[in-house]
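Each chain, letter by letter, is given below.
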Amino acid sequence: WFQTVIGGYQDSQVQGVVAAHVYWDYEEGKKDKPCVDLIPAENIRIDPGASWIDPVGTSPYVIHMIPMYVGDVKEMMTKVDPKTGSPKWYTLSTGTLRMAIQEKADSTRLARNKDREDPLDPDSRTVGDYEVIWVQRHIHRKDGEDWLWYTLSDVAMLSDPVPLKEAFFHGERPYVIGCCILETHKIFPSSVPQLAKGLTEETNAIANSRLDNIYLVLNKKWFVRRGKNVDIPSLVRNVPGGVTLMDNVGPEGDVQEVN
């Protein structure tokens, strides 16, 4: 709980907002506990026109992007829902799973492998249980009522839409979004780094200028007469106790210090 609370506060400072999935984790005979899972802000989708007071509750939809291992997705396809007696998720083919995790074909790679099999073509590879696949949890409002379903990325449906009140006994969306800096009428307020950006840039500019001055004092610039016998690499190296060879030494010599 300590990690969750401090992590949530850190998210709100660094990203501007913190999002969490709040639910009761129950599995008969195994688990029975409340859970608060922090969600990276980029993995949750809400409407930008939602109210800044209650962005989750007023958005017409909430989409949660969930990275899962293929093995866990297959397990969910075999788990039976005690309410309905049928599997929780549809059983999908390996080809469908492969489509959901495939990379976009790179034009350079396709040109390089012209008339040959693409080594990264998903059709030429098996789908391992440890590969990551994206599952989407959709909650959409239709005629004043929230409906819930799951999809495998944007490729296939994993479940039929059901009323949200059938999936959660309280019938409310199990998500919260908060912030540590209030900015009216903005559902994604500025983060601490954003607010301090100008001051940080100015501080860095001053520090860099001072360092440049120190480097110039310690490693001066030199004027060397062209065509004279001067050990220029020794001047450039400038190590403590170094020796620089030249023919003409003195105030009017072949080397002059530039301040």
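You'll find the structure just up there.
Criteria and cut-off values
- Residues numbered from 1 in each chain as written.
- Predicted model: local features only at pLDDT ≥ 70, side-chain atom pairs only at ≥ 80, totals over all residues.
- Heavy atoms only, no water.
- Helix = DSSP H or I, 4+ residues; strand = E, 2+ residues; numbered from the N terminus.
- Buried < 20%, exposed > 50% of the residue type's maximum accessible area, 1.4 Å probe, protein only.
- Contact = heavy atoms within 4.5 Å.
- Areas by Shrake-Rupley, 256 points an atom, 1.4 Å probe, with all protein chains shown as cover.
- Core = buried A, V, L, I, M, F, W, Y, C linked by side-chain atoms within 4.5 Å.
- Polar contact = N/O pair within 3.5 Å; in protein donor to acceptor, adjacent residues only side chain to side chain.
- Pairing = 2+ DSSP bridges.
- Axes fitted to C-alpha atoms, helices over the stretch in contact; angles between N-to-C directions.
- Phe/Tyr/Trp six-rings, centres within 6.5 Å; stacked < 30°, edge-to-face > 60°.

(A) Main features of the overall build of the chain. Along the chain, the regular secondary structure elements total nine helices and 11 strands. In the chain, which comprises 259 residues, the share counted as buried stands at 30%. Restricting to contacts in the chain with at least 6 residues of sequence separation, those with at least 24 account for 54%. Surface summary for the chain: the accessible area is close to 17900 Å², and the carbon and sulfur share equals 55%.

(B) Representation of the nonpolar core in the model. One finds V73, W89, L97, I133, V135, L152 and L158 to be the most contacted residues of the largest nonpolar core, which totals 18 residues. Of all the elements in the fold, those that place two or more residues in this core are β4 (61-69), α3 (70-78), α4 (94-101), β5 (132-142) and β6 (145-152). Per element, the largest residue contribution to this core is four residues, and it comes from α3. When near neighbours in sequence (up to four residues on either side) are disregarded, L97 contacts V70, V73, K74, M77, V127, I133 and L152. The next biggest cluster of nonpolar side chains, apart from the first, holds 15 residues, and it includes V62, I139, L148 and I177.

(C) Representation of the side chain of S153. Take S153: it is sitting in the loop between β6 and β7 (156-157). A polar side-chain atom of S153 sits 3.4 Å from a polar atom in the side chain of D154. Beyond its immediate chain neighbours, meaning those up to four positions away, S153 contacts A100, W134, V135 and Q136.

(D) Summary view of α4. Where α4 is concerned, the buried positions are T96, L97, R98, A100 and I101. Among the structural elements, α3, β5, β6 and β7 are those in contact with the buried residues of α4.

(E) A look at the sheet that holds strand β9 (residues 175-178). The strand order across the open sheet formed by three strands is β2-β1-β9, and the pairing between neighbours is antiparallel. Strands at the two margins of the open sheet, each flanked by one partner only, are β2 (31-39) and β9. Each strand of the sheet is rotated relative to its neighbour by a mean of 20°, with strand direction disregarded. Of the pairings in the sheet, the one linking strand β1 (residues 18-27) to β2 comprises nine bridges and is antiparallel in character. Of the residues in β2, the one forming a bridge with E27 is K31. With respect to the sheet, helix α1 (residues 2-15) is in contact with β1 and β2, its orientation differing from that of β2 by roughly 20°.

(F) Representation of the environment of A156 within the structure. Considering the arrangement of structural elements, one finds A156 in strand β7. With 57 residues separating them in the primary sequence, A156 and M99 have C-alpha atoms 9.6 Å apart.

(G) Highlighting the pairing of β1. Sheet topology places β1 next to β9; four bridges connect them, and they run antiparallel. Across the sheet, the residue bridging to A20 is V176, located in β9. From the end of β1 to the start of β2, which pair antiparallel, there are three residues, and G29 there has a positive phi angle of about 80°.

(H) Quick peek at the packing of aromatic side chains. Scanning all chains against the criterion turns up one aromatic pair. Ring centres of W89 and Y150 lie 5.2 Å apart, and the angle between their planes is 45°; on these two criteria the pair is classed as tilted. Taken together, the positions of W89 in the loop between α3 and α4 and Y150 in strand β6 put the pair 61 residues apart, joining distant regions of the chain. No difference in accessibility class separates W89 from Y150, as the two residues are buried.

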